[in-house]
Amino acid sequence: GPGGDGGPRPGRASEHQVKVYLETTAVSYLAAEPSRDVVVAGHQQTSHDWWRTARERYTVVASQLVVREVSGGDGDAAARRLALLEDIALLALTPEATALARDLVREGLTPERAPEDALHVAIAVVAGCEYLATWNYRHLAHAAISTRVEDFCRRKGYVPAIICTPEGLLEE
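Predicted model only: the values in this text are computed from it and were never measured.

Here is what the cut-offs are and how they apply
- Residues numbered from 1 in each chain as written.
- Predicted model: local features only at pLDDT ≥ 70, side-chain atom pairs only at ≥ 80, totals over all residues.
- Heavy atoms only, no water.
- Helix = DSSP H or I, 4+ residues; strand = E, 2+ residues; numbered from the N terminus.
- Buried < 20%, exposed > 50% of the residue type's maximum accessible area, 1.4 Å probe, protein only.
- Lys, Arg positive; Asp, Glu negative; His and termini not counted.
- Salt bridge = Lys/Arg side-chain N within 4 Å of Asp/Glu carboxyl O.
- Pairing = 2+ DSSP bridges.
- Axes fitted to C-alpha atoms, helices over the stretch in contact; angles between N-to-C directions.
- Expected span 1.5 Å × (residues − 1).
- Bend = angle between axes of the 7 residues up to and from the residue.
- Polar contact = N/O pair within 3.5 Å; in protein donor to acceptor, adjacent residues only side chain to side chain.

1. Examining the side chain of E23
Now for step 1: By the secondary structure assignment, E23 is in the loop between β1 (19-22) and α1 (24-31).
Now for step 2: For the buried E23, which has no salt bridge, the nearest side chain bearing the opposite charge is R81, at an N-O separation of 12 Å.

Given below as structure tokens:
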């Protein structure tokens with residue numbers, strides 16, 4: 001349950017459903033107009049393919065931070081991004097998550113100039129999410145970085161969220 005005891009979540013079947021934290025870039029790719037950039041367009045298509053069945057296969061969550069980040073920019077695009085989050089449980093930024101985020105930045109594992117990256121990781125980890133879905137390759141889904149972040153979380157006594165792209169969560 002909410003206390004992290006691994007008990008059943010309200011409104012869910014009693015077997016544990018894998019929890020996926022949807023980071024801001026994953027939401028943005030889902031809501032954006034098709035890109036003319038071939039790589040971005042591919043990521044958008046992958047995101048849509050994953051999203052079609054994601055909510056049946058996973059407990060998909062986001063956070064108040066994601067809501068804040070997707071609320072900016074063009075009004076129509078922001079409305080599309082927010083609509084995607086309507087039926088998704090939002091995790092709060094807890095003091096525990098804030099402390100873990102501060103440690104991630106202090107250790108140089110996430111950039112000081114992008115404190116949100118550390119916050120996304122910390123919120124997901126503290127809430128017991130198995131995965132963090134992101135298209136942020138520069139700071140999060142980069143293998144060298146994600147491995148070090150996961151190791152650090154383990155040293156701090158947490159089971160780390162595996163940081164991956166929606167493509168990494170697509171079933172064959």
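2. Topic: the sheet that holds β1
Now for step 1: Read across the open sheet, the 5 strands follow the order β3-β2-β1-β4-β5; overall the sheet is parallel. With one partner strand each, in any of the chains shown, β3 (89-91) and β5 (162-164) form the two edges of the open sheet. Between one strand axis and the next, the sheet turns through 35° on average, direction left out of account.
Now for step 2: The pairing of strand β2 (residues 59-63) with β3 spans 3 bridges and is classified as parallel. Across the sheet, residue A62 finds its bridge partner in β3, namely L90.

3. Focus on the pairing of β1
Now for step 1: On β1, burial covers both faces: K19 and Y21 on one face and V20 and L22 on the other are all buried.
Now for step 2: When β1 meets β2, the two strands line up parallel, connected through 3 bridges. Among the inter-strand pairings, V20 is bridged to a residue of β2, identified as V60.
Now for step 3: With 3 bridges connecting them, β1 and strand β4 (residues 131-133) associate as parallel partners. From the neighbouring strand, L22 faces β4, where its bridge partner is A133.

4. Topic: helix α2 (residues 38-57)
Now for step 1: Compared with an ideal rise of 1.5 Å per residue, which puts 20 residues at 28 Å, α2 spans 28 Å between its outermost C-alpha atoms and is within 8% of the ideal.
Now for step 2: Taken as a whole, α2 carries its principal kink of about 35° at W51.
Now for step 3: All of the buried residues in α2 are H43, Q44, T46, S47, W50, W51 and A54.
Now for step 4: The N-capping residue of α2, defined by a side-chain oxygen 2.8 Å from the backbone nitrogen of V39, is D37.

5. What about the pattern of salt bridges?
Now for step 1: Going through the model one piece at a time under the given rule, you end up with 5 salt bridges.
Now for step 2: Across the salt bridge formed by E33 and R80, the nearest N and O atoms sit 3.6 Å from each other. Note that E33 is positioned in the loop between α1 and α2 and R80 in helix α4 (residues 75-84), a separation of 47 residues in sequence.
Now for step 3: For D103, the salt bridge identified is with K156, shortest N-O distance 3.1 Å. Residue D103 is located in helix α5 (residues 95-106), and its partner K156 is located in the loop between α7 (143-155) and β5; the two are separated by 53 residues in the primary sequence.
Now for step 4: A relative accessible area of 42% means that K156 is categorised as partly exposed.
Now for step 5: Residues participating in the shared-partner salt-bridge network are D103, R106 and K156.

Any functional reading would require information beyond the geometric quantities listed.
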